[in-house]
Each structure stands twice: as structure tokens, then as C-alpha cells.
Amino acid sequence: MIIAMGAGLQGRVAVYRYLIGFLLVLFAQSGWSGASEALGFYQRGYQAESRGAFEEAIEWYRKAIVERDGDGRITFPGEVRYEWYETPRGMARRKIESASRSEPYFPAQRMNALLAKQEAAQIAARSQQLKRDKFINPPALRVAVELLDAGNDRIVDGGENGKLLVTLTNHGGSAADNVVLTIRRSDSDLSLPSQIPLGTVGAGDSVVRAIAYQAGKRLSSGTLSLRLTAKDSDGFEAPESVLESVARAYQPARILVRSPSIRRGEGNLLIIGYELVNAGRGAARDVDLTLNLQSDAILRDDADRHRRIAVISPGESLPVEFGLYTSRAPGDGLEIGLTVREAQATSEQDTSLALMVPAGAYSPGGELLANSPPLGASEIENVSLAIPQGLRSESLAVGVVIGNGRYRHLDAVRFAHQDARVISDHVVQAMGYPEEGVKLQQDMTTRDFRRLFGTRERGFRDGLLYRRVELNARRRENPPVFVYYSGHGAPSLDEDGKAYLVPVDTTLRDLPYEGYALEDFYDSLAALPSNNVTVVLDACFSGASNDGLLQKDISPALLRSAGSITPASMSEASIFTSTSPNQVSYWFNEGRHSLFTYFFLKGLRGAADDDGDNRITSGELHQYLGWNVADHILETRKPSDQTPQLVGNKDRLLAVYSGEQP
């Protein structure tokens, strides 16, 4: 019984083992069957590809990938069979196994290669069709070139850096591909690239490139010819464009330091001045000035230690000022080292300003000593001295005076700092604004403008000016507000010619992003909780300056005068501008101010009091400005007019005096 039970258990185990083995064999045969089918699809695809039936091949390869994903080789195991054979002991069974086989299997690789080949063929066909269309309706290239020389006189001077503004326009019906601009020059001492790739120029499109050149000191005087053409990769070529200009052999500049001066400023501050005179026959460019002080003196502004002046024309006299403090007593000598280096010069010039510390305490406007430069003709008044004392006391008044003089990418505004400083003194002393309420700002950046005047997104109430006026308006209704700006203004290069105040850290091309729109400026003032606002803008918005183009590497054709530089509303404010939209705002070198600010100050001091009542109104001041600026323009034969404007309130009282004024 026990033996029978044991035998039954062993039998069941044997049955189970047999079933498991059978299932494993079945599973393996199923896998081999799928691989075999995938291999069959792959081989059919390969055969179709071999006879050029690419679409059919791709379909077979896709079916193979569905059955078995992944490229490589497929290995099939050998067949196993058993046979009986005779032995001395009787019949026995033995296992016979054939060798395995391996087949290549790369359906994904071959399918992708076929797809890439098809795509390349389609691209080639499209390319041929485009080329056919291009030759039927070809591009028509035209080259225009303009000289942007550093002197802005359309003359290429030896030693000068400048740019060619090249405009390539495609007037044809098809794009010009891989265009290359070729430049040939008549004088080998003019250094510039001979070939410039311009890329693809679409039908009706234009490409503008500013190409820098360097005129060597061996440049010959005479006619300088530049021949430009452009050709695309299919041989379509623009007609040759010829630019002929006058070349002038290198003429050295000769920088002299003249007329050192010293006067007292506020407290212990000493204001040092001198003039840089170019006595040479050529323009001085990139003039570096370095001050060397002794240990008992320190500069008011360390930025004055190193200065760079872009251009000093032949015969031009440029005033320079800086402030310092010293421990030396009145009457002591004061020697300041000055190093002058001009970019084209082979050596630098070391000189010294030998001065004497002036006696006396600070007096408004400062004291000019005997060693100061002459003021010029007797009718030219030094408006920085002897500021008249006004009778008005404007409590809680707010003044903002801005002088943007030193620009990083544009020419300097020569007298902006001087203008702003003297205007600030007059706002306090003549107009009666509290000294602590008048803020003098110099060289404002994009961020500074937005911090001061605010942003449109917040209704300009985030500006420091709004917050100050709003606070003062809680104690005085309509507190007086005076805003003065001396610096560059400019139109946008866009079609609208929108006007901007130009921060010192931007360029004309970046005005839409980094400039402060004149519209925003006026709207920020209109948002103030006061209708007692006076605005003075000493800036032009034509894109030019007293020295020519505001930015030298742009074409005058890109500049459009601002449509308007005065606000449409703000009728209760008094808004002065130094020019009309398309005019230049001139400097007045003899008066050491801008022309507009000089006569503005002179009129505010009393010269504009036409009816003799010792009261200066906005209307009187505008009438005085208009006549005197026009008279100066006429007498000095300036090439264009300058017409100061006043909009808004013409009866605003600006200053009140007693007795006779200077």
C-alpha cells in the first residue's frame, strides 16, 4: 500500500515536469515564430529596395518593426531530434542537435535611410523648382552707399575712423541667396574689408550694414573712389555703385591748454576751469584727459579724474571744469597735473595748472579771480555770477534740474552740467524755491528716468517726483513745480518718429526700449497733483546736434523729425522748449552755456522785464527768448534757425524783484 502510494506520487511529479517542459518549448517556439515572421518581412523589404521599389520596401520594414522592434542580428537555435540505435545491451535513444543560425535584421536603419533619401529628393526637386522660378522672375539688386565720416563733413581725413552705410535693396521678384558685397577702393591706405557676406535678401527687402573703415596717415589728398557691387550665389549681380569723396591727407591736431581759472563754490569747494584749444589743422579725436593731484587735494567727483572728449575741431575752444577740495589756505599755490593724449598722437602732453587758492567764503554763483579767462565782448554777461535775490518765497515748491552731459555712446552735450548747475542756483535764489526742495541731477540713466518720473503702467505714481509733490500737496494746494532738462532729445528711428529724452546709457537704435518717451514725460507731469507746473526743455529732437549727426553710424535717411515736442493738453502748465521739432539747439561758446539757457537765465535775471514792473512772467520771458535767440542766429550766420516755443500758461509769474536788476 505504501509502495503503491509512493509510486503514484512519483508518477504525478513526472507528469508535472513533462507539462512544464512542454509549455516552455511551446513558448520558445512562439518567440521563434515571431522572430521568423519579422525576419521574413525584413528580407522582403530588402528585396523590394534592391529592385528600386522604395515605397514597398518601407511598408515591409514597418511590418517587420511591428513584429520585432530593435535592429541587430536574430539568432535561431538548432533543431533537436532523438534517434534509436542498437547497443550490445539492446536499443538505446540519443539526442541529435543541429547548429544554430544568425541572420542580419536592420529594418529601422534601412527604413530611415530610405525616408531620408526620399526627403532629400523632394528638397532637391523643390530647390530646382525654386531656382527655375528665380530665373524666370529674377532678383534685381541695387547698392546704395553713404559716407559717415567722423568729422561729418563728407571728407575722409587721414587718420580718421568712419563708416560706410551700405543699403542693398532687392527690387526683383525672387530672393537673392548668399549675397556677397564686394568693395574696391582707389587708395590702399583706406582700410576696410573687401568682401562682406550679406546672406539672403528677399524680394522687396533691404539689408543695411555699417562697415567700419580706418583711413591711414599716409592717405593721399585728392579724389577717393569706392566701387561697390553685390552678387548672389546664382550669379545675379547688382550694377556697380560708385562713391566718390574728397580725401584729405593727414593733418595733425595741436591741443593747447589755456586760461586756467579758479573760483570758490559752496563751502570749501573750489571750481577749477581751463580751455582746450585745437590750434592744429586737423580734428583731434578721442582726447583723453587725466588729472594728477597732490595728496592735499581730492576731487569732488572721482569721474573727473579721467575724461574722454570725442572730437575737438580745428580752431575750436572747449571749456572744461571740475571741482576739488584742498587743505591749503587762501593765498597758497595750487598745482594740478594734467595729461592730455589724443588718439592719433604719438606722444602725450604733460602740463600743469598753476593756480592760487582764492580768499573769501562762499558767495552765491562763486567769485571769479584775476587769472580767470576773459568773458568776451562786453555785452556777454556771466550769468553764473551775482544772481539777483527774488522777493518770493515758494514754500513746499519742488524743483528737478537735470543736466545730461556725458553720454556713453553719443557726443557729449557740452554745457549741460554748467547749464543745470546755474539754473539750479537761479531756481533757489531768484525764483524763491527752498534749497532742499531743488534736486540737481546729472547724467541720468534709463533706470534713473523711470525712478524719477515713474512708469505708465502705474499711472506714473511710482515716480519719486509724484510722491514728493503729492506729499507737499497735503499741506499746500497746487505746490509750484519746476522741471528743467538739458541733454539730448531724439526721434525714434521708427516710422512714427516718436520723440524721446535720451538717457546717457542708450543709443538711438534702442530708444523704444531704453529711452524715456517725451509723451510719458509730459503725462507724468500732468499726473502730478498740481497745476502750477513750469517745464523747460533745452534739447532738440531732430536727430542732429551742434556737431552734426547725434549718432555717427546711422543714415540721415533713417531720421525723421518728431511730429510734436509739446503736449496736446496741460494748458495750465507753462512749457518752454528750446527749438521747434526739426531744429538744432545751438551752443553759445562765448557765454559758456547753451544759447537757449544763456538767454533764459539772462531774461529771468531781469532782462525780460519789458514793462519795468520788476516781475518776470512766462510770456515776457518767451518774447525775450524769441527775439534774442533769433538775433544771435542771424548775427552769427548759423546754418539753420532756432525758435524757442512756449505753450500753456503765458501769464505765470516766475520771479519778482525790487529795484534795478543786473
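Residues numbered from 1 in each chain as written. Predicted model: local features only at pLDDT ≥ 70, side-chain atom pairs only at ≥ 80, totals over all residues. Heavy atoms only, no water.

A look at the overall build of the chain
Okay, so step 1: In terms of regular secondary structure, the chain is built from 10 helices and 36 strands.
Okay, so step 2: Taking all 662 residues of the chain together, the buried fraction comes to 45%.
Okay, so step 3: Within the chain, contacts between residues separated by at least 24 positions form 71% of all contacts whose residues are at least 6 apart in sequence.
Okay, so step 4: Surface summary for the chain: the accessible area is close to 33300 Å², and the carbon and sulfur share equals 49%. (Helix = DSSP H or I, 4+ residues; strand = E, 2+ residues; numbered from the N terminus. Buried < 20%, exposed > 50% of the residue type's maximum accessible area, 1.4 Å probe, protein only. Contact = heavy atoms within 4.5 Å. Areas by Shrake-Rupley, 256 points an atom, 1.4 Å probe, with all protein chains shown as cover.)

So, the packing of helix H2 (residues 54-67) against helix H3 (residues 107-136)
Okay, so step 1: Look at H2 against H3: their axes get within 9 Å of each other, and the N-to-C directions meet at 145°. In terms of crossing hand, the pair formed by H2 and H3 is left-handed. Between H2, through Phe54, Glu55, Ala57, Ile58, Tyr61, Arg62, Ala64 and Ile65, and H3, the contact on the second element is made entirely by Pro107, Ala108, Arg110, Met111, Leu114, Leu115 and Gln118.
Okay, so step 2: Class assignment for the residues of the contact of H2 with H3 results in 11 nonpolar, one polar and three charged. (Axes fitted to C-alpha atoms, helices over the stretch in contact; angles between N-to-C directions. Left-handed = near helix turned anticlockwise from the far one by under 90°. Nonpolar A, V, L, I, M, F, W, Y, C, P; charged D, E, K, R; others polar.)

Overview of the sheet that holds strand S35 (residues 645-648)
Okay, so step 1: Overall, mixed pairing links the six strands, which are arranged S23-S22-S24-S28-S31-S35 in an open sheet. Each having just a single partner strand, strand S23 (438-442) and S35 make up the two edges of the open sheet. Recorded for the sheet is a direction-independent mean angle of 10° between the axes of neighbouring strands.
Okay, so step 2: Two strands pair when backbone bridges link them, and strand S22 (residues 398-403) and S23 are joined in this way by five bridges, in the parallel orientation. Directly across from valine 400, in S23, lies its bridge partner lysine 439. (Pairing = 2+ DSSP bridges.)

Considering the sheet that holds strand S21 (residues 349-356)
Okay, so step 1: Ordered by their spatial adjacency, four strands build an open sheet running S18-S16-S20-S21, and the pairing between neighbours is antiparallel. Looking at which strands have only one partner, the edges of the open sheet turn out to be strand S18 (306-312) and S21. The average angle at which neighbouring strand axes cross in this sheet is 25°, direction not considered.
Okay, so step 2: Two elements, strand S20 (residues 333-342) and S21, share eight bridges in a ladder whose sense is antiparallel. Counted as the bridge partner of glutamate 335 is alanine 354 from S21.

Focus on the pattern of salt bridges
Okay, so step 1: Enumeration over the complete set of coordinates arrives at 28 salt bridges.
Okay, so step 2: The partner of lysine 131 in a salt bridge is aspartate 234, and the shortest N-O contact between them spans 3.8 Å. With lysine 131 in helix H3 and aspartate 234 in the loop between strand S12 (222-231) and strand S13 (241-248), this residue pair connects regions lying 103 residues apart in the sequence.
Okay, so step 3: Here aspartate 234 falls in the partly exposed class, since its relative accessible area comes to 26%.
Okay, so step 4: Notably, a salt bridge pairs aspartate 520 with arginine 456, separated by 2.6 Å at the nearest N-O pair. Here aspartate 520 is found in helix H8 (residues 518-526), whereas its partner arginine 456 is found in the loop between helix H5 (446-453) and helix H6 (464-473), with 64 residues between them in sequence.
Okay, so step 5: According to the relative accessible area criterion, arginine 456 is partly exposed, its value standing at 40%. (Salt bridge = Lys/Arg side-chain N within 4 Å of Asp/Glu carboxyl O.)

Remarks on the side chain of glutamate 342
Okay, so step 1: Looking at where glutamate 342 falls in the secondary structure, it is placed in strand S20.
Okay, so step 2: Among all residues touching glutamate 342, those that are not within four sequence positions of it are Ala253, Ala283, Ala284, Arg285, Asp286 and Val287.

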